[in-house]
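Chain by chain, the residues run as shown.
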Amino acid sequence: MKRKGKWLAAFMLLVMSMMGCQQQPEPVAIDENKDKCEVCHMAVGNNPFATELVLNHGQVLKFDDIGCMYEWRKEHKNETVEAAFVRDYETGDWLEAEKATYVYDRAIRTPMAYNVISFKHKESAKKFVDQHGGTVFTYDELSRHSWERNQEMMLEMKKKHMKMDQQQGQHDDHMGN
């Protein structure tokens, strides 16, 4: 009986040590050639605007704008999110969304015009606001943000893309394409 007790104790110790060794989710590198935003389906750039969610079953979702990430979360409230990652606006380094400080201002240009950027350090966010304007948010405060897109900025970006497409078409005509 003592032998069974020792084996059981050893087994329990092994199981407990394996449980303690579970890896924390980490962000996954952005592949600009294939990664698409889960919400708007635009290409995800390897830039300070990219964000990621890691679901409880290990699936990684990528977003081109933090606003798209919040839209996805609003639409998928029943999904269990294991981790959320954003990037520091100054360095582009990944950080846990819960630990970041955020700045919102209608004049901040982001891929989908949600106008929110993230910072690793609160002091950096405050310095940005002092220089450019805006409002500083914590992660908890950001969850109550309205997440409205800047329609004027979206229209301006759309016009710019149309102009670039027209110029590309003229270039192709001159090249015999």
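Reading the values: rules and limits
Residues numbered from 1 in each chain as written. Predicted model: local features only at pLDDT ≥ 70, side-chain atom pairs only at ≥ 80, totals over all residues. Heavy atoms only, no water. Pairing = 2+ DSSP bridges. Helix = DSSP H or I, 4+ residues; strand = E, 2+ residues; numbered from the N terminus. Axes fitted to C-alpha atoms, helices over the stretch in contact; angles between N-to-C directions. Disulfide = S-S within 2.5 Å. Buried < 20%, exposed > 50% of the residue type's maximum accessible area, 1.4 Å probe, protein only. Core = buried A, V, L, I, M, F, W, Y, C linked by side-chain atoms within 4.5 Å. Contact = heavy atoms within 4.5 Å.

Q: Can you walk me through the sheet that holds strand 6 (residues 116-119) in this structure?
A: Backbone hydrogen bonds hold the strands of a sheet together, and the pairing may be parallel or antiparallel. Read across the sheet, 3 strands follow the order 6-5-7 without closing on themselves; strand pairing throughout is antiparallel. On the outer flanks of this sheet lie strand 6 and strand 7 (135-137), each paired with one strand and no other. When strand polarity is set aside, the average angle formed by the axes of neighbouring strands in this sheet is 30 degrees. By the bridge criterion, 3 bridges tie strand 5 (residues 101-104) to strand 7 in an arrangement that is antiparallel. Considered in strand 7, the bridge of Tyr104 is made with Thr135.

Q: Could you clarify how one ought to interpret the state of the cysteines in this entry?
A: Where two cysteines share a covalent bond between their sulfur atoms, that bond is called a disulfide. This structure, assessed with the given rule, holds 0 disulfides. Here Cys37 is not cross-linked by a disulfide; its sulfur's nearest cysteine counterpart is in Cys40, at 3.7 Å. According to the relative accessible area criterion, Cys37 is buried, its value standing at 1%. No disulfide involves Cys68; its sulfur sits 3.8 Å from the nearest other cysteine sulfur, which is in Cys37. The exposure class of Cys68 is buried, given its relative accessible area of 2%.

Q: Could you clarify how one ought to interpret the nonpolar core in this entry?
A: Most often, soluble globular proteins have nonpolar side chains that are buried together. Ranked by internal contacts, the top residues of the largest apolar core, which has 31 residues, are Phe63, Ile66, Val86, Tyr102 and Leu142. For this core, the secondary-structure elements that each account for two or more residues are strand 1 (51-55), strand 2 (60-63), helix 2 (66-75), strand 3 (81-87), strand 5, helix 4 (139-142) and helix 5 (151-174). Discounting residues that sit within four places of it in the chain, Phe63 has contacts with Cys37, Glu38, Val39, Val44, Phe49, Ala50, Thr51, Glu52, Leu53, Cys68, Met69 and Trp72. Residues Val103, Ile108, Ile117 and Ala125 belong to the second largest nonpolar core, which totals 8 residues.

On their own, these measurements won't tell you what the molecule is for.
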